[in-house]
Amino acid sequence: MNNKDLAKNVLELVGGEQNISGLTHCATRLRFVLKDDGKANLKELNQLEGVLKAQNSGGQVQIIIGAKVDAVYSEVKNLTADRLENSEESAASSGSKKKRNPFNAVLETIAGIFTPILPALVGCGMIKCFATVMAALGWLEGSGFMVIINMIGDLIFYFLPFFLAVSAAHKFKTNPYLAVALAAGLMHPTILNAAAKIAETGVSTVDFLGMPILLMKYSSSVIPIILAVWIMSYLYPLVNRVIPKFLQVLLTPMIVLFIMVPLELIVFGPVGSHIGDWLTNGINSLFSTAGVLAGAILGFFKPIMVMFGMHYAIMPIQIQQVATLGATVLIPTALAANLAQAGAAFGVFVLTKNKTMKSAAGSSGITALFGITEPAIYGVTLKYKRPFFAACLAGGIVGGFYSLVHTTANAIALPGVLALGTYTADRYIYVIIGCIASVVLAFVFTLIAGIKEDTDGSPSQKTSGTVNTDQSNTVGITAQSEKSILNDTSSSDMLIVSPMTGEIKPISEVEDQAFAQELMGKGIAIVPTEGKVYAPFDGVVEALYRTKHAIGLKANNGVEILIHIGVDTVSLKGKYFNAHIKQGETIQAGDLLVEFDPDGIRSAGYNTITSIVVTNMQQYGDVLTTASSGPIRESEALIKLIP
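Residues numbered from 1 in each chain as written. Predicted model: local features only at pLDDT ≥ 70, side-chain atom pairs only at ≥ 80, totals over all residues. Heavy atoms only, no water.

Asker: Even after reading the chapter, I still don't get the overall build of the chain, so can you show me in this structure?
Answerer: The number of helices and strands found in the chain is 22 helices and 22 strands. The buried share among the 643 residues of the chain stands at 53%. If you take every contact in the chain between residues at least 6 apart in sequence, the share linking residues at least 24 apart comes to 72%. Of the roughly 27,000 Å² that the chain leaves accessible, carbon and sulfur atoms contribute 61%. (Helix = DSSP H or I, 4+ residues; strand = E, 2+ residues; numbered from the N terminus. Buried < 20%, exposed > 50% of the residue type's maximum accessible area, 1.4 Å probe, protein only. Contact = heavy atoms within 4.5 Å. Areas by Shrake-Rupley, 256 points an atom, 1.4 Å probe, with all protein chains shown as cover.)

See below:
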């Protein structure tokens, strides 16, 4: 599925653009803030080609795409164009706000403000890393080149209020230019120069109508501008309602600035700065008194926080620490956690016998080394569970070690090997030792814990040839007799018959990584020789895509399967397909579900290989296939479920 088609499907399954009140993205996931979360079909989103996982977390519907998330985000924005922004403004002006859990609301707000400025944070952070390495090597010391490079690395922190003003204005749906004016009020030379000369002049305040304005340096502050823009988002529409329409253009901005700039300098600036200092010093105190424990806890839980989007809760503290103290104690624990996920992925690479999974484990492990762990987490380690927790354990151990040797990071960059120049410790060799230990410990722990696939064979086919007829009598079994086996709760094993006639292929041969890597579930593939799909059991049609190329079925005993006809055939928009059933309809084994034209599909340039996967495989001890290759007819045994 190309990026545009994926964006269309995602947009539809989150309830359409009219249901979106906010959209951002990070390195691997789209983050939707919806007016009604109930309209998002998470089940179908999780089954969508190109989606690694969809979840509702932190007040957002998060759709994990992987490395191409930026391209998909652009397609979603192109499809909505200005209509999405207009719908957001309309929702804001109507005053209708969705009731949310306060904690989730705070997380969603933090993510919405900081996610848009991540490119600038990471870019400046990597430049700072480059400058640090150059300085350590003594290259071009004191040159104009190094002066400019250091300046670029410091840009984001010196002018941080301006960056935050823009993203906060978009988040709180208020005028971004007035928000920038508020940031300028904090950053004006009148305030900054006077604050820098307090020791010389002894003047620490400026009188404003009898109220003291504290002279403080706000160039690296986080909280003051966010508080100011948040309050302005309520003040601006209030002033607008009071002022006659023909005077709003002239008077509203003037009154808002007249109120807000003194207010932020008198109240929000000092209060926000003290809150930031309190959080920064509190974290440092925690690490100085219980550093090993604090580092171990953060190192262990960092991947879990990433899964639920909770890592954004500590981002403002990280930025505040780097901005005010020049370094943060939090990012090293993330480095340990990320490299541990890489080590666990490499462990799966060694253990797995599935060629597709081996490729996914190797590539995602390398990606995790550079600081992007979602492909490793969702595509590899979490799939087998044990490697995921092996990585968490390794990350916890090294996180504690990093705290013990006082490891810090002096820039906000992706916690990976390319940013090693930004880390310091009692001795720099400790940073390198921690990196190696993270990868090696997670790798060893994964080998010790093992993966289920390693003992039972490849995940998509655990046996070769046919299942022993002494146990199951699989070959030639009819749909009617299979129905009785599948619904017989006294039977230790359950069978699913083939829904079509064709040639069996390993699921790893499907040219769609969502199926080939078994992200959708375990199963098998069939190259059809006839264009008919039959019901493999008694049950109900849980999902029928409008394009009719994919069917979700649920058996009476709870088995859920997905039958996906062809690769990227969603792009055909239903052409060559004819459905004989509807979503929600009850079916019986042997019922004709869908007819399609294999020759027509192939002539249009699409592969007809059909994936048949058990989507609730976690409810079973194992999912086996009766054969790894060869011809099969409709109603012959295909999949065996082990309770």
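Asker: Would you take a moment to explain the nonpolar core for this structure?
Answerer: Among soluble globular proteins, nonpolar side chains are generally buried collectively. Of all hydrophobic cores here, the largest spans 60 residues; its most connected members are Phe114, Ile225 and Ile319. Setting aside residues up to four positions removed in sequence, isoleucine 225 forms contacts with Pro161, Leu164, Ala165, Ala179, Leu182, Ala183, Leu186 and Glu264. Of all hydrophobic cores here, the second largest spans 35 residues; its members include Ile504, Val559, Val594 and Phe596. (Core = buried A, V, L, I, M, F, W, Y, C linked by side-chain atoms within 4.5 Å.)

Asker: Would you mind showing me how to read the packing of helix α14 (residues 331-351) against helix α18 (residues 428-449) here?
Answerer: Between two packed helices, both the angle of their axes relative to each other and the distance between the axes serve to describe the pair. At a minimum axis separation of 7 Å, α14 and α18 run at an interaxial angle of 40°. Between α14 and α18, the angle is such that the two are oblique. In this structure, the crossing between α14 and α18 has a hand that is right-handed. In this structure, α14 contributes Leu335, Ala336, Leu339, Ala340, Gly343, Ala344, Phe346, Gly347, Val348, Val350 and Leu351 to the contact, and α18 contributes Cys435, Ser438, Val439, Ala442, Phe443, Thr446 and Leu447. Taken together, the residues of the contact of α14 with α18 break down into 14 nonpolar, four polar and no charged. (Axes fitted to C-alpha atoms, helices over the stretch in contact; angles between N-to-C directions. Parallel < 35°, antiparallel > 145°, perpendicular 65-115°, else oblique. Left-handed = near helix turned anticlockwise from the far one by under 90°. Nonpolar A, V, L, I, M, F, W, Y, C, P; charged D, E, K, R; others polar.)

Asker: Just checking my understanding: could you explain helix α16 (residues 374-384) for this structure?
Answerer: Given 3.6 residues to a turn, an α-helix orients residues that are three or four positions apart in the same direction. Along α16, nine of the eleven residues are buried, which leaves the element largely enclosed by surrounding structure. Within α16, the full set of buried residues consists of Glu374, Ala376, Ile377, Tyr378, Gly379, Val380, Thr381, Lys383 and Tyr384. Phi turns positive one or two residues past the end of α16, at lysine 385, with a value near 70°.

Asker: Would you mind going over α18 with me for this structure?
Answerer: Taking 1.5 Å as the rise per residue, α18 with 22 residues should run 32 Å; its terminal C-alpha atoms sit 32 Å apart, in good agreement. Looking only at α18, the buried set comprises Val431, Gly434, Cys435, Ser438, Val439, Ala442 and Thr446. Here the buried face of α18 lies against α14, α15 (355-369), α17 (386-404) and β8 (423-424). (Expected span 1.5 Å × (residues − 1).)

Asker: I would appreciate a short explanation of the sheet that holds strand β10 (residues 502-505) in the present structure.
Answerer: Within a sheet, each strand pairs with its neighbour through backbone hydrogen bonds, oriented either parallel or antiparallel. Read from one edge to the other, the open sheet built from eight strands follows the order β17-β13-β14-β15-β19-β11-β10-β21, with strand pairing classed as antiparallel. Lying at the two open borders of the sheet, with one neighbouring strand each, are β17 (586-587) and β21 (630-632). In terms of strand pairing, strand β13 (residues 539-544) meets strand β14 (residues 550-555) through five bridges, oriented antiparallel. What sits directly across from alanine 543, in β14, is glycine 552. (Pairing = 2+ DSSP bridges.)

Asker: I would appreciate a short explanation of the environment of aspartate 207 in the present structure.
Answerer: Structurally, the position occupied by aspartate 207 is in strand β5 (residues 205-208). Looking at aspartate 207, the relative accessible area reads 58%, which means it is exposed. As for aspartate 207 and isoleucine 266, which are separated by 59 residues in sequence, their C-alpha atoms are 10.0 Å apart. A polar contact is formed between the side chain of aspartate 207 and the backbone nitrogen of glycine 210, at a distance of 3.3 Å. (Polar contact = N/O pair within 3.5 Å; in protein donor to acceptor, adjacent residues only side chain to side chain.)

Asker: I keep staring at the pairing of strand β11 (residues 522-528) and nothing clicks. Help me out?
Answerer: Every regular strand shows the same layout, with side chains that alternate between the two sheet faces. Within β11, six of the seven residues are buried, which leaves it mostly tucked inside the rest of the structure. Examined bridge by bridge, β10 and β11 share four bridges and lie antiparallel to one another. Bridge assignment links isoleucine 504 to a residue of β11, and that residue is isoleucine 526. In the sheet, β11 pairs with strand β19 (residues 610-614) via five bridges, with the strands oriented antiparallel. Bridge pairing links isoleucine 524 to isoleucine 612 in β19.

Asker: Help me understand the environment of proline 119, please; the structure alone is not making it clear to me.
Answerer: Structurally, the position occupied by proline 119 is in helix α5 (residues 118-137). Taking relative accessible area as the criterion, proline 119 reaches 60% and is therefore assigned exposed.

Asker: It is not clear to me how the pattern of salt bridges should be interpreted in this structure. Could you clarify?
Answerer: A full pass over the atoms with the stated rule returns six salt bridges. For the salt bridge of glutamate 542 with lysine 43, the shortest nitrogen-to-oxygen distance reads 2.3 Å. Pair noted here: glutamate 542 is in strand β13 and lysine 43 is in helix α2 (residues 42-47), with a separation of 499 residues, a long-range link. A relative accessible area of 39% means that lysine 43 is categorised as partly exposed. Notably, a salt bridge pairs lysine 554 with glutamate 560, separated by 3.9 Å at the nearest N-O pair. (Salt bridge = Lys/Arg side-chain N within 4 Å of Asp/Glu carboxyl O.)

Asker: It is not clear to me how the packing of aromatic side chains should be interpreted in this structure. Could you clarify?
Answerer: Ring pairs (aromatic) are described by centroid distance and by the angle formed between their planes. Scanning the entire structure with this criterion turns up eight aromatic pairs. When the ring of tyrosine 158 is compared with that of phenylalanine 159, the centres are 4.8 Å apart and the planes differ by 75°; the resulting orientation is edge-to-face. Judged by relative accessible area, which is 40%, tyrosine 158 ranks as partly exposed. Judged by centre distance (6.1 Å) and plane angle (80°), the ring pair of phenylalanine 401 and tyrosine 430 falls under edge-to-face. Of the two residues, phenylalanine 401 sits in helix α17 while tyrosine 430 sits in helix α18, which places them 29 residues apart along the sequence. (Phe/Tyr/Trp six-rings, centres within 6.5 Å; stacked < 30°, edge-to-face > 60°.)

Asker: What am I meant to see in unusual backbone geometry here?
Answerer: Across residues other than glycine, the phi torsion is negative in most instances, and most of the peptide bonds are trans. Of note, lysine 385 is a non-glycine position whose phi angle comes to about 70°, a positive value. Tracing the chain through its elements places lysine 385 in the loop between α16 and α17. We note that lysine 573 has phi near 55°; this positive angle belongs to a residue other than glycine. Structurally, lysine 573 is set in the loop between β15 (560-564) and β16 (577-579). Taking the relative accessible area as the measure of exposure, lysine 573 reaches 64% and is therefore exposed.

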